[in-house]
Amino acid sequence: MKNRYQGRSLAVIDDLSREERMYLFMKSRELKEALKEEALEVVDRFRINNPDFGIYEVFLEDSTRTRESFRNAAQFHGVKLGTLHAASSSFNKKESYADTFDNLCGYDNMIFIVRSKLEGVCRWLEKSGREYARRMGLEIPPAFINAGDGKHEHPTQELLDELTILEDNKWDTSTLHLALVGDLYHGRTVHSKADGLTIFDKVTIDLVAPPELAMPDAYIKKMKAHGYKVRIFSSIDDYIKAGDVAGKWYFTRPQLERMGEKIRARQDELRGAITAREDQLPQLSDGTVFYHPLPRNKQYPTIPTFLDNTPFNGWERQSANGRIVRIILLGLIAGTIGADFTGKVVRKDNNIEEDFIHEVEITGIRSGKRYSEGVQPINEGYVIDHICKGDTPGEIRDHMTVVNRVLKLTGRGGEWVSRSGDGYKGIIFRPGDLVLDDKMIKKLAAVAPGCTLNHIKKGQVERKLRLTTPPRIYGFKEISCKNPDCISHPEHSEGVPADFERMGDDTFRCVYCETSHTFKKVWG
Ligand code: NCD
């Protein structure tokens, strides 16, 4: 049976299903026991044990734990470990990510561990790596593991956090009450919690951060969609005062390097709200455990060092678990372990086939409906109706300019904003011999979802299409992700074509950095 983990990339924690993660944790548990009991034969079964199997670390941001635990994991496996010295590499000569990794792949490296300021890098490399594998006739494409991408996600940190919490929960997955304390805005480890904690059936999350460092709405929305109960507090003091305090606290450091000047200037005051103090501790219930992905700031640790030798210290067990889960993850992706996994695999399929262009029966309207442009009836041409229905007249007018630009609807005709029910809608008239082919109609659906397209011949509606919101917007040069840190943002010149998938609420999520956009923003 094919090993379902082999060659897989891990760009976000959601790339592994709940069952896949639980399997990984069970294997981690088995390995830990075998190591403890020095059951060498059992331990050896976990090893890749192939000096030609290449794993490469590429860190474009500083790291101790993530990089070193992966390095120690690679040593356990007895594989070839390469390190790209990014600061002195051809990145400085403006070489793209895709080119850089294609070349490293050519030296028989199959797993890449990548940390970057740019968000969505591994999702992009997964795609470009598949193309490379096809060109080079590789049977298994290279895998990319996200070791932290900007303020987006840190899926392998999430794996070791989940393992530690499971151990402390005695492997009970029925409930979890966890406080996330610190820089929840910039901290990527806490963002991975939104999808990661689905291994627990009933989750309560308490978010403790001053408003300047608050958890972004997109992650709160995700948590709520998973059924978590979410409570929000602006400081540890407020949290304790409110009561029903969690027995597990997960701290994150203020991410000074990602903050703007204004917020950084107020770091002392903000840090106060998220730093544990001695006088607060007696108010916490017995057995309360603190976690931290680390590093702690040596001058201003938010978990004070006097707590190191107390039962609050969960962060050291957590850190040691980093090597274990990474050993297992590498073994799974290499195909050494995992062949007996039979659970559910999730893969987001963004090639959903769905009709969003609907023919409207015109027999009923043929005789009656006539479009006119001002006083002139239209004899030949197109009328695009119901544009941005419900928006304000100003918004509708602005967006009609975008529709005209994107579809190059120049020439005769014009635009109207007209009343529609209680609100307004936009109408674009284009008399003449313009022809909108299928590709342009698809584009129209993407730039003006909800509109109708009327093709007028001899003064009557010959064909009418209702265009609903497409499942994906991609393949158009006019679209772009508006997150300046996204790998696909045009400013980075990485040649990554923008690509968006529709979410449940009809917003569009960048497939790389996962930033949510309205359809207007996609084209803006
Ligand atoms: C974290 C990171 O880099 O996101 N550290 C880690 O990987 N253990 C957290 C941090 O930098 O604060």
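Criteria and thresholds
- Residues numbered from 1 in each chain as written.
- Predicted model: local features only at pLDDT ≥ 70, side-chain atom pairs only at ≥ 80, totals over all residues.
- Heavy atoms only, no water.
- 1 Å grid on protein atoms, 1.4 Å probe; cavity = no way out; pocket = protein on both sides within 12 Å on 5 of 7 lines; lining within 4 Å.
- Points joined across faces, edges and corners; volume = space filled by probe spheres on them.
- Nonpolar A, V, L, I, M, F, W, Y, C, P; charged D, E, K, R; others polar.
- Helix = DSSP H or I, 4+ residues; strand = E, 2+ residues; numbered from the N terminus.
- Buried < 20%, exposed > 50% of the residue type's maximum accessible area, 1.4 Å probe, protein only.
- Near = heavy atom within 4 Å.
- Polar contact = N/O pair within 3.5 Å; in protein donor to acceptor, adjacent residues only side chain to side chain.
- Areas by Shrake-Rupley, 256 points an atom, 1.4 Å probe, with all protein chains shown as cover.

A. How the structure looks around the layout of surface pockets. Taken as a whole, the largest pocket encloses approximately 750 Å³ of empty space. Lining of the largest pocket is provided by 26 residues; of these, A218, Y219, K222, R509 and E514 occupy positions nearest its centre. A per-class count over the lining of the largest pocket returns seven nonpolar, eight polar and eleven charged.

B. View of unusual backbone geometry. Geometrically, the link from L294 to P295 is a cis peptide bond, its omega value of 10° lying close to zero. Topologically, P295 is positioned in the loop between β9 (289–291) and α13 (315–334). Positive phi, normally seen in glycine, also occurs at N49, with a value near 55°. The residue N49 is located in the loop between α2 (40–44) and β1 (54–59) in this model. Judged by relative accessible area, N49 falls into the exposed class, the value being 58%. Although it is not a glycine, D244 adopts a positive phi angle of roughly 50°. Along the chain, the position of D244 falls in the loop between α10 (236–242) and β8 (248–252).

C. Looking closely at the site of the ligand. The immediate surroundings of the ligand are formed by T66, R115, H154, Q157, R188, T189, R253, Q255, P293, L294 and P295. Here an oxygen atom of the ligand sits 2.7 Å away from a polar atom, N or O, in the side chain of Q255. In this structure, a nitrogen atom belonging to the ligand sits 2.9 Å away from a main-chain N or O atom of P293. For the ligand, whose unbound accessible area comes to 310 Å², protein coverage reaches 94%. Split by residue class, the shell around the ligand holds three nonpolar, five polar and three charged.

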